[in-house]
Amino acid sequence: MTTLIKNGRIVTSADDFIGDIFIDGETIKAVGNDLPVTADKVIDASGLLVMPGGIDPHVHLEMPFMGTFSSDTYETGTRAALHGGTTCVIDFILQKQGNSLRAAFDEWSGRATGNAVGDYSFHMAVTDFNDSTRQEIKQMVDEGITSFKTFMAYKGALMIDDRQMVGLMDEVKAQGGMVTVHATNGDVIDYLIQKHKSEGKFAPLYHYLSQPEVTEAEASERFADMANFSGCPGYIVHMTCEGALNAIRQATRRNQKVFVETCIQYLVLDASLYEKNFDGAKWVMSPPLREKKDQEALWSGINQGLVQIVATDHCPFTWEQKNMGKDDFSKIPNGHPAIEHRMELLFSEGVNKGRISLNKFVEVTSTNPAKIFGMFPYKGTLGAGADADIILFDPNEKHTVSVNSHHMNTNYSAYEGWELTGKVKTVLLRGTVVIDDNKCLVEKGYGKFVKRKKVSGVV
Ligand SMILES: [Zn+2]
């Protein structure tokens, strides 16, 4: 089966020209002007942007949490991602403290295999680093899991201490991997949560006030220091604020590179949403939404090259699940649904409003995730030999985000009523049209596990 996409405006992180893409099977064979080929199927992309499929390196599908699970399965979550132009996601396997990495890997693989509609890979969250975990790091790298997530918060469940952190960094460095981090000071946050509760303060606003900027800035700096000391490639997930970004800016002065991911919500939403009484629970996530000045810092950080990736931290819960914390903010499941809207929100709020260029849009949604996490150049770009993961995007179509039209398995939208300009029209994943005109054309099981190469310390 061959496919020819004709007359589109082809945009990668580096290029921008009108041309054609010729696909044979799952792979791009040629890109150029007026390609002298015939194909089984021709798609006219006149007037549309033709870009690499999005890669969201931070999602949580069917994540076990507080006796329940995040509400998108691999099927519903990856399907919603495809509708929004994201063809590949990286989820997080969570090691259970006291158990092996292998046991967690098997559990997560069991949920994903045969169910995913879009492509997926995994990070391994190391929550208990000891001598036997150390020996499993190489095994995981051999399985194609080359990034290792750590938590500096959630003591007693996910958090590791600094001794474990530097030990893990030593081993991960030796095996060609990367350590990623949820960088907030867990002890300070635990203190503030207890303090607010003891004062009778239980509203969602106190979730925000229990995680002030300093808790993130301090932990980001400490993580950068440990990574610098050990020489291990480091990556900070879901950065939200100016203080944390400045800690990384400071690290560049000693010639250190620490990769930074932010998420779409931290660019377009702010903490005033927590003043809406319990409705604020829709945006209870960790770290919380911040202030306008932090949004400005993050947009600038993208343009300065300090922030390489815009992800989602998609971790959806239904409104009923959110209500577990009706009387106590610390019991509200953390996370919000965004996997479907990342690309269109960033295009509408970023490219259309002149905050980032179109090439930068591709870079932070696709190319950099592929490069940093060992999937480039077979994902993240539109070159000969790459997987034919391609989106056709109408830059002018206006549409409104709503729970009534989204495909995520949640009964509210965190962006209800938002009017966006720019819409995903057609999506190809490995050469097959998977989304066309708001319809998904493939079944669960189409998505494949992406075995990743060793990570890159440079982009
Ligand atoms: Zn997360």
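In case you missed it, the structure is sitting above this.
This is a predicted model, so every value here is computed, not measured.

Enquirer: How would you explain the coordination of the zinc ion if you had to name every residue and give the values?
Expert: Geometry sets the ideal angles at a metal, namely 109.5 degrees for four tetrahedral donors and 90 or 180 degrees for six octahedral donors. On the protein side, the zinc ion has H58 (NE2), H60 (NE2) and D313 (OD) as donor atoms, found 2.0 to 2.1 Å from it. Read from N- to C-terminus, the donor residues coordinating the zinc ion fall into the pattern H-x1-H-x252-D. For H58, a relative accessible area of 0% gives the class buried.

Enquirer: An account of the pattern of salt bridges is requested, with residue identities and associated values reported.
Expert: A complete count under the given rule lists 32 salt bridges for this structure. One salt bridge connects E107 with R111, and the closest N-O pair in it is separated by 3.1 Å. Here R111 and E107 lie together in helix α2 (residues 101–112), a separation of four residues that amounts to about one turn. R254 serves as the salt-bridge partner of D225, at 3.0 Å between the closest nitrogen and oxygen. Highlighted residues: D225 in helix α7 (residues 213–230) and R254 in the loop between α8 (242–252) and β14 (258–263), separated in sequence by 29 residues.

Enquirer: Any chance you could break down the environment of V117 for me, citing the residues and the numbers?
Expert: Tracing the sequence through the fold places V117 in the loop between α2 and β10 (119–125). When the C-alpha atoms of V117 and T252 are compared, they prove to be 40 Å apart, with 135 residues separating the residues in sequence. Among residues more than four places away in sequence, those in contact with V117 are Y74, E75, T78, R79, L82, L429, C440, V442, E443, K444, Y446 and G447.

Enquirer: Would you mind going over the nonpolar core in detail, with residue names and values included?
Expert: Core analysis: the largest hydrophobic core is formed by 128 residues, its most contacted members being M51, M124, M165, F223, L346, F361 and Y415. Take this core: its biggest share by element is six residues, from helix α13 (residues 358–372). Contact partners of F223, with chain neighbours within four places excluded, come to M152, M165, M169, V179, V181, G234, Y235, I236 and V258. Grouped together as the second largest cluster of nonpolar side chains are 16 residues, I5, I28, L382 and L428 included.

Enquirer: Describe in detail the side chain of S402, supporting the description with residues and values.
Expert: Summarising the element assignment, S402 is placed in the loop between β16 (390–400) and β17 (419–429). Within polar-contact distance, the side chain of S402 engages the backbone nitrogen of N404 at 3.0 Å. Excluding anything up to four places from it in sequence, S402 contacts S413 and E416.

Enquirer: For unusual backbone geometry, give the residues involved together with the corresponding values.
Expert: Here S286 and P287 are connected by a cis peptide whose omega angle stands at -5°. Here P287 lies in the loop between α9 (264–268) and α10 (292–303). Here F376 and P377 are connected by a cis peptide whose omega angle stands at 5°. Checked against the element boundaries, P377 lands in the loop between α13 and β16. You will see that R430, though not glycine, has its phi angle at about 45°, which is positive. Mapped onto the secondary structure, R430 falls in the loop between β17 and β18 (432–436). For D437, which is not glycine, the phi torsion reads 50° and is therefore positive. Position of D437 relative to the elements: it lies in the loop between β18 and β19 (439–440). In this structure D437 comes out as partly exposed when scored by relative accessible area, which is 47%.

Definitions and limits used
Residues numbered from 1 in each chain as written. Predicted model: local features only at pLDDT ≥ 70, side-chain atom pairs only at ≥ 80, totals over all residues. Heavy atoms only, no water. Donors = N, O, S within 2.8 Å, 3.2 Å for Na, K, Ca; no water. Buried < 20%, exposed > 50% of the residue type's maximum accessible area, 1.4 Å probe, protein only. Salt bridge = Lys/Arg side-chain N within 4 Å of Asp/Glu carboxyl O. Helix = DSSP H or I, 4+ residues; strand = E, 2+ residues; numbered from the N terminus. Contact = heavy atoms within 4.5 Å. Core = buried A, V, L, I, M, F, W, Y, C linked by side-chain atoms within 4.5 Å. Polar contact = N/O pair within 3.5 Å; in protein donor to acceptor, adjacent residues only side chain to side chain.

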